[in-house]
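# Notes for the structure review
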Amino acid sequence: MTSTVPVTGVPAWIVLGRTVAGAAVAYLDPGGMEQRRHEVAASELADWIAHAEAEWAPRWVWHDTPQWYPALLAHGVRIARCHDLRLCHVILRASALVDPHAPVRTAAGWDAAPHVTLEAAAPTLFDFEGPADAAKGPPADLDDALAEFTRQRDAIAGGAEPGRLRLLTAAESAGALVAAEMQAAGLPWDAAAHDRILTETLGERGTGGQPANLAASAARVRAALGDPTASLDSQPKLLRALHRVGVLVESTSRWELAEQRHPVIEPLLEYKKLSRLLSANGWAWLAEWVDDGRFRPVFVPGGVVTGRWASSGGGALQLPRQLREAVRADPGFTLVVADVAQLEPRVLAAMSGDLTLAGAARDRDLYAGIVESGAVATRSEAKIAILGAMYGATTGESGRLVPRLRRTYPRAMGLVDDAARTGEDGGLVSTWLGRTCPPPSEVWAEAQSRASEADATGADETRARRWARDRGRFTRNFVVQGTAAEWALAWLADLRTRLDAIPPVPAERSAPRSGPVFARRPHLAFFLHDEVIVHTPVEHAEAAAQAVKDAADTAGRILFGDFPMDFRLDVRTAITAFKD
DNA sequence: TCATTTAGCGCG
DNA sequence: AAAGCGCGCTAAATGA
C-alpha cells in the first residue's frame, strides 16, 4: 500500500482515475489545488479507499459511479460522499445558471451513457482493459477527471447561483451512491409469495398451455365472440373480431372497451388483465429477476430528462401493486415503507411561494385543504384540477376546473403558466436548483419559423401551434416534476446518512443476502419517485421510521429554507410492502 | 430473416 | 377514451 506518505493537510477531495494496473489518485486541498498523486494497485484499491475514507472522509471524485462503487461494495467498502463527474456534467452543461461560455459546456466525451452493469458486483470491475473498456462511458483517465472537475467547479462558482448548483450536484452524486447501494443490497423478494399470487390469480399452470384462469377467460371471450379460434393477443385481429359482433371501438384499449356494453367486454377485460400479469411479471419474470431472495434492478439516476431516475431491466419502476405482498423482509428484519403525500403540488406551492396553497396543505391532505378553501367541491375534483394544472389539461373536467384554481392560487398557477409560455416560445425553464430543460429540437424550431413566414399554409400554422403547445405542457411539468425529483434526492441523501448512524446488529442477526455492507443494518432497498422502502433489523424499525421522517423535514429545509411547507409522509412498518 | 415501430398497460 | 406530464417493457405488426 502506498498511502502512508504524509500530505500537507487533509485532502478535501480525492480524484480517482483508472490505470492498467489499478488506479491513479490525486489529492486536492479545499481550494482545489493538487497536493500530490500516486497509484494504487487494483488488488489493494478497496482496502486503500476504506483506509482513506476512515482517515480523511474526502469527497471522492470519479468519472462514473457504476464503474467504481459496485466493486467497492462487493468488498464491503462504503463511502459517504462522492462527486460523479458524468452526472454533474450533464446537469452543468445544460444549466441556465451556468455561464453560456463556460468550458464545461463544450468538454468532449462527458455526454457518454453510464456504463451500467446488470451484475451488482462484477469482480472484474477493477480490471481495466484499456481502450476497449474506455470506449464505454465517459473518460476514465485521472488527468481527464481532474480537468473536468476543474471545469465543473469553475462553472458552479462562476454561475449565477453557486449554492443551488452545489446542492444539486451533491444531491445527484449522493443519488448515484444510493442507486449502487440499492442494487447491491437488493429488494427482499419472496418468490414463494409471488408464485402464490400468480397461482391464485392466473390459476394452476397446466402442461405447456396457459394457466387455468387465463385459459378460462380466453374461452369466455371466444364464446362471446362466437369464434372459437379468435386471436386475442393480436390487436388488429381482436379489433376485427369485435367489429364482427357489433362492438364498434376504434382501439382495444381498456378505457374504450370499458364504455361498451356487450357480453364480450367483461371477460375480455379480465383476459387482458391476467395476460398482462403473466407476460410482464409472471413466472418467467420471477425466474429471470429474482435470485436468492432478492430483486436487484438497475436504477439509473438522472435517467429521465427532468432528473427523475429511470431503471433498466426488470421493470423496477412499474412493479404492479398487486405484487407488493411478495416484497418481504428477511427473518429478524422488517420493512419501513414511506411515501410522500402529494409531493408535486407541495413542491409547487413551496417553489412559487404560494402561501395560500401552502396553507391548504398544512397538517392535512392537500386536496382536502383545497376543498376547504372553496375552490372546488370534492377531493376528487381537487385532485383532477391540480393534476390538470401541472400537466396542462385544457379540455374535459380537468380543463374546466383549472381556472378555479387560478383564482384561488394565483402564485402557484402563475409559475406553471409562465413555464408553459416560456416553453411554447422556445425558451428554457429550470428547476428550483437549476436543472434546465433541453432546448427545442431543430425540427421544432424550423416548424415555428416556417409558420411565421408570409407564405405559410394553414397546415404549417396548425402544426406549429400544436408543437408549441406540446412543448409548453412539457416545460410546465418539467419545473414541478424536476423540483420534486430534487426534493426526493435530498430526502434520499439525508436518509442514507441517518440510517448509517444507526448501530449495526450482531453478526448472528444479519441478513447476508443484503451483502457485506448492509447485512447488519437498516438500508434503503427501493426508491420510486416519492416513495422509499427501508429494510431494517426489527429492533431498529422505529429508528429507521424516524429517520425517514426527519430526512423529509431536512429535505424541505435544504430546498426551501423556512418556507412553511410540510412534506407529509405515510409511513408503515410491516413484514411485507403490501399496501391497502 | 432481422430490426424497428406500434399498441397497450404498468408505475409515479 | 383519453382528456394531461414523465417513464420501461412485451408481443405483434410492420418495414427493410
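Residues numbered from 1 in each chain as written. Chains lettered and ligands numbered in written order. Predicted model: local features only at pLDDT ≥ 70, side-chain atom pairs only at ≥ 80, totals over all residues. Heavy atoms only, no water.

### Considerations on the overall build of chain A
- Helix and strand counts for chain A stand at 22 helices and 14 strands.
- In terms of overall dimensions, chain A is globule-like: its C-alpha atoms have a radius of gyration of 26 Å, near the 25 Å expected for 580 residues.
- The buried share among the 580 residues of chain A stands at 52%.
- Long-range contacts, defined as pairs at least 24 residues apart, comprise 68% of the intrachain contacts of chain A with a sequence gap of at least 6. (Helix = DSSP H or I, 4+ residues; strand = E, 2+ residues; numbered from the N terminus. Rg over C-alpha atoms; globule rule 2.2 N^0.38 Å. Buried < 20%, exposed > 50% of the residue type's maximum accessible area, 1.4 Å probe, protein only. Contact = heavy atoms within 4.5 Å.)

### As for the protein's contact with DNA strand B
- Of all residues adjacent to DNA strand B, which total 17 residues, the nearest are Thr 252, Arg 276, Gln 318, Arg 321 and Asp 530.
- Close to the protein, within 4 Å, the atoms of DNA strand B are drawn from sugar and phosphate at a rate of 78%.
- Measuring from a phosphate oxygen of DNA strand B, one finds a side-chain N or O atom of Thr 252 at 2.5 Å.
- Across the surface near DNA strand B, the residue classes break down as four nonpolar, seven polar and six charged. (Near = heavy atom within 4 Å. Polar contact = N/O pair within 3.5 Å; in protein donor to acceptor, adjacent residues only side chain to side chain. Nonpolar A, V, L, I, M, F, W, Y, C, P; charged D, E, K, R; others polar.)

### Let's talk about helix α11 (residues 265-281)
- When the terminal C-alpha atoms of α11 are compared, their 24 Å separation across 17 residues agrees well with the 24 Å that a helix rising 1.5 Å per residue should span.
- Along α11, the residues classified as buried are Ile 265, Pro 267, Leu 268, Tyr 271, Leu 274, Ser 275, Leu 277 and Asn 281.
- The secondary structure elements touched by the buried residues of α11 are α7 (191-202), α8 (212-225), α9 (235-244), α10 (254-258) and α12 (283-289). (Expected span 1.5 Å × (residues − 1).)

### Focus on the nonpolar core
- In terms of nonpolar packing, the biggest core is built from 95 residues, with Trp 189, Ile 370, Trp 487 and Trp 491 touching the most fellow members.
- Per element, the largest residue contribution to this core is 12 residues, and it comes from helix α20 (residues 458-500).
- Apart from residues no more than four positions distant in its own chain, Trp 189 is found in contact with His 194, Trp 285, Leu 286, Val 290, Gly 293, Arg 294, Phe 295, Leu 319, Leu 323, Ala 326, Val 327 and Arg 328.
- With 27 residues, the next largest nonpolar core counts Val 25, Leu 72, Leu 73 and Ala 184 among its residues. (Core = buried A, V, L, I, M, F, W, Y, C linked by side-chain atoms within 4.5 Å.)

### Brief notes about the environment of Trp 110
- Residue placement: Trp 110 occurs in the loop between α3 (85-94) and α4 (131-134).
- A relative accessible area of 1% means that Trp 110 is categorised as buried.
- Between the C-alpha atoms of Trp 110 and Leu 85, which are 25 residues apart in sequence, the distance is 8.0 Å.
- Among residues more than four places away in sequence, those in contact with Trp 110 are His 63, Leu 85, Arg 86, His 89, Pro 138, Pro 139, Asp 144, Ala 145, Glu 148 and Arg 151.

### With respect to the packing of helix α6 (residues 162-185) against α20
- The interhelical angle for the contact between α6 and α20, taken along N-to-C directions, is 60 degrees, at an axis separation of 9 Å. Taken together, α6 and α20 sit at an angle that is classed as oblique. For α6 against α20, the interelement crossing comes out left-handed. Along the contact surface, α6 presents Leu 168, Ala 171, Glu 172, Ala 174, Gly 175, Leu 177, Val 178 and Glu 181, while α20 presents Glu 486, Leu 489, Leu 492, Ala 493 and Arg 496.
- For the contact of α6 with α20, the per-class residue count stands at eight nonpolar, one polar and four charged. (Axes fitted to C-alpha atoms, helices over the stretch in contact; angles between N-to-C directions. Parallel < 35°, antiparallel > 145°, perpendicular 65-115°, else oblique. Left-handed = near helix turned anticlockwise from the far one by under 90°.)

### Thoughts on the packing of aromatic side chains
- Throughout the structure, instances matching the rule amount to 18 aromatic pairs.
- Judged by centre distance (5.2 Å) and plane angle (55 degrees), the rings of Trp 189 and Trp 285 are tilted. With Trp 189 in the loop between β6 (187-188) and α7 and Trp 285 in helix α12, this residue pair connects regions lying 96 residues apart in the sequence. With respect to class, Trp 189 is no different from Trp 285; both count as buried.
- Three or more aromatic residues joined by ring pairs make a cluster, and in this case those are Trp 432, Trp 487, Trp 491, Phe 560 and Phe 567.
- A cation over a ring is seen here: Arg 254 above Trp 255, with NZ or CZ 5.7 Å from the ring centre.
- In this structure, Arg 471 packs its charged tip against the face of Trp 444, placed 5.6 Å from the ring centre. (Phe/Tyr/Trp six-rings, centres within 6.5 Å; stacked < 30°, edge-to-face > 60°. Lys NZ or Arg CZ within 6 Å of the ring centre and 35° of its normal.)

### Thoughts on the domain arrangement of chain A
- Annotation of chain A at the domain level lists domain 1 (13-185), domain 2 (193-286), domain 3 (296-343 + 485-574) and domain 4 (344-482).
- On a C-alpha basis, the centroid separation for the pair domain 3 and domain 4 is 30 Å.
- Domain 3 puts 20 residues into the contact, and the matching count from domain 4 is 29 residues.
- The largest per-residue losses of area from domain 3 upon contact with domain 4 belong to Thr 306, Gln 342 and Glu 486, which jointly make up 31% of the total buried on that side. (Domains from an automatic or database assignment. Buried area = accessible area lost by both parts, 1.4 Å probe.)

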